[in-house]
Amino acid sequence: MTQTQEIGHEQAALARLYADFAAADMTPLWTQREDLMPMTPQPKAVPAVWRWSTLYPLAERSGELVPVGRGGERRAIALANPGIPGQPYTTATLWTAIQYLGPRETAPAHRHMQTAFRFVVEGEGVWTNVEGDAVSMTRGDLLLTPGWHFHEHHNTTEHPMAWIDGLDIPLVDQLDAGFFEFGPDELATTATPERSQSERLWAHPGLRPVIEPERTASPLMAYRWAHTNAALSEQLALEDEGIRATPERGHAAVRFTNPLDGRDALRTIRTEMHRLRAGTTTASVRTVGSAVWQVFDGSGTVRIGEQAWDVGTGDLFAVPSWAPVSIAAEGGQLDLFRFSDEPVYRALGLDRRYVESA
Ligand code: 1HN
């Protein structure tokens, strides 16, 4: 055989080998290594911004055209990352939606393994009943719905209300861990108390009731703006007094926690509120795992990777895994709500963080 004939022979044998791999449902690593084990995270989700001025009118139109009720369950419209086409996912692990409830409307009871929260940038008048406990929703409040808790929503007023939902739907989908159950068709309660039972029992600073709770999820269903605002203001005031209080200069931050153990308020989702003094620019930080931010008050510029956006009250942005993010408060003080999947990465030993030097 000539050398050329030998090479031809080997190529034909290789082609047969690959064909036989495919026929046997096998894939060799050497053709795939960079997809399977990239040098750094390669998220499909891309940095993206959604404007409140776009979201709200579309939610309002849904309110006029689309009823809310059994089956669909919620008038929630997901923020779908353009890097993950065909899926209603904001990042690889997080689902974010604007939900709209018209005057006197009700969203029926159900429960699911997916963990959820609501965050309110404007409006009031809806109560979310969590396991039969009526929890009011007003601007700046964070309301929890831990996994497998029955919940329903109820607008008791003559005006509509919209808010943001965050859930770990993509994560639970990947893990094939989803269970769902419908609840009763009638409201568990039509009560409209100022304070939920959960707050009356659990929202006293540094004090926990001595009874043993029934669950390990946070027993506190509402984190009120008055407390969040005071905590942030005090951090900046203490910083002015020369006391160590903030994660970086001009940047106050609090994390919402489970009063049972001081860990994240939700098992799979980290929730935080950040306040930047006017003129402050944060360090550029990369974290493994993804996050979604919503501007609560003020305006500024967010840089994610190579791109920059001007953002204002109500605007949301998605930060994919390992994308560097930096936020600048331009004009006045800037308040932002942030949620992420960090507790999951932490629990699995996959967490990593890198602060780029200025
Ligand atoms: C859900 O239960 C809510 O309770 C919001 O408000 C969004 C998306 C998918 C499945 C269940 C809510 C949801 C959801």
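One can find the structure itself at the top, above this paragraph.
All of these numbers come straight from a predicted model, not from anything done at the bench. (Residues numbered from 1 in each chain as written. Predicted model: local features only at pLDDT ≥ 70, side-chain atom pairs only at ≥ 80, totals over all residues. Heavy atoms only, no water.)

Student: Residue-level account of the site of the ligand, with values.
Tutor: In the neighbourhood of the ligand, the contacting residues comprise R74, W95, Q99, H110, H112, R118, H151, H153, D165, L167 and I169. The contact in question runs from an oxygen atom of the ligand to an N or O atom on the side chain of R74, over 2.8 Å. Between the ligand and H151 there is a distance of 2.8 Å, counted from an oxygen atom to a side-chain nitrogen or oxygen. When the ligand is considered free in solution it has 330 Å² of accessible area, and contact with the protein chains removes 85% of it. For the shell around the ligand, the secondary-structure elements that each account for two or more residues are β3 (95-101), β4 (106-112), β9 (151-155) and β10 (161-167). (Near = heavy atom within 4 Å. Polar contact = N/O pair within 3.5 Å; in protein donor to acceptor, adjacent residues only side chain to side chain. Areas by Shrake-Rupley, 256 points an atom, 1.4 Å probe, with all protein chains shown as cover. Helix = DSSP H or I, 4+ residues; strand = E, 2+ residues; numbered from the N terminus.)

Student: Can you lay out the side chain of R118 for me, pointing to particular residues and giving the numbers?
Tutor: Secondary-structure assignment places R118 in strand β5 (residues 116-119). R118 sits in the buried class, given a relative accessible area of 3%. A polar atom in the side chain of R118 sits 2.6 Å from the side chain of D165. (Buried < 20%, exposed > 50% of the residue type's maximum accessible area, 1.4 Å probe, protein only.)

Student: Tell me what's going on with the environment of R270, and back it up with residues and numbers.
Tutor: When you line up the elements, R270 lands in strand β14 (residues 270-276). Placed 74 residues apart in sequence, R270 and V344 show a C-alpha to C-alpha distance of 9.1 Å. In contact with R270, other than residues within four places in its own chain, are R255, D264, R338, F339, S340, E342 and P343. A distance of 2.9 Å separates a polar atom in the side chain of R270 from a polar atom in the side chain of D264. (Contact = heavy atoms within 4.5 Å.)

Student: Let's hear about the sheet that holds strand β11 (residues 180-182): which residues, and what values?
Tutor: One open sheet accounts for five strands, arranged β7-β6-β9-β4-β11; its pairing is antiparallel. Strand pairing shows two members of the sheet lacking a second neighbour, β7 (133-138) and β11, which therefore form its edges. Geometrically, the sheet is characterised by an average inter-axis angle of 25° between neighbouring strands, direction not taken into account. Pairing of strand β6 (residues 124-130) with β7 involves six bridges; the strand directions are antiparallel. For W127, the partnering residue across the bridge sits in β7 and is S136. (Pairing = 2+ DSSP bridges. Axes fitted to C-alpha atoms, helices over the stretch in contact; angles between N-to-C directions.)

Student: How would you explain the nonpolar core if you had to name every residue and give the values?
Tutor: With 49 residues, the main nonpolar core has F117, L144, M273 and F337 as its most contacted residues. Once you skip the residues sitting within four places of it in the chain, F117 turns out to touch L142, L143, L144, T145, I164, D165, G166, L266, I269, T271, F337 and F339. Counting 17 residues, the second-largest nonpolar core is a separate cluster that includes V302, V325, I327 and L334. (Core = buried A, V, L, I, M, F, W, Y, C linked by side-chain atoms within 4.5 Å.)

Student: Give a detailed account of the pattern of salt bridges, specifying residues and quantitative values.
Tutor: The final tally for this structure, using the stated rule, is 21 salt bridges. Of the charged contacts in the structure, one is a salt bridge between R270 and D264, with a shortest N-O distance of 2.9 Å. Residue classification places R270 among the buried positions, given a relative accessible area of 11%. (Salt bridge = Lys/Arg side-chain N within 4 Å of Asp/Glu carboxyl O.)

Student: Let's hear about the pairing of strand β21 (residues 334-340): which residues, and what values?
Tutor: The side chains of a regular strand alternate between the sheet's two faces. With seven of seven residues buried, β21 lies mostly within the body of the structure. Burial of β21 is two-sided: the residues L334, L336, R338 and S340 facing one way and the residues D335, F337 and F339 facing the other way are all buried. Sheet analysis places β14 next to β21, joined by seven bridges and oriented antiparallel. Note on β21: the bridge partner recorded for T271 is F339. Note: strand β16 (residues 291-297) against β21, six bridges, orientation antiparallel. Pairing of Q294 across the sheet is with F337, part of β21.

Student: Can you lay out the environment of F337 for me, pointing to particular residues and giving the numbers?
Tutor: Within the secondary structure, F337 is located in strand β21. The class of F337 is buried, set by a relative accessible area of 1%. Counting along the chain gives 216 residues from F337 to V121, while the straight-line C-alpha distance between them is 9.6 Å.

Student: So what's going on with the environment of L94? Residues and values would help.
Tutor: By secondary structure assignment, the location of L94 is in the loop between β2 (76-78) and β3. Judged by relative accessible area, which is 1%, L94 ranks as buried. For the pair formed by L94 and S299, sequence separation is 205 residues and the distance between their alpha carbons is 24 Å. Non-local contacts of L94, meaning those with residues more than four positions away in its chain, are made with Y89, L167, P170, I269, S290, A291, V292, F339, S340 and D341.

Fair warning: the whole summary comes from geometry, so function is off the table for now.
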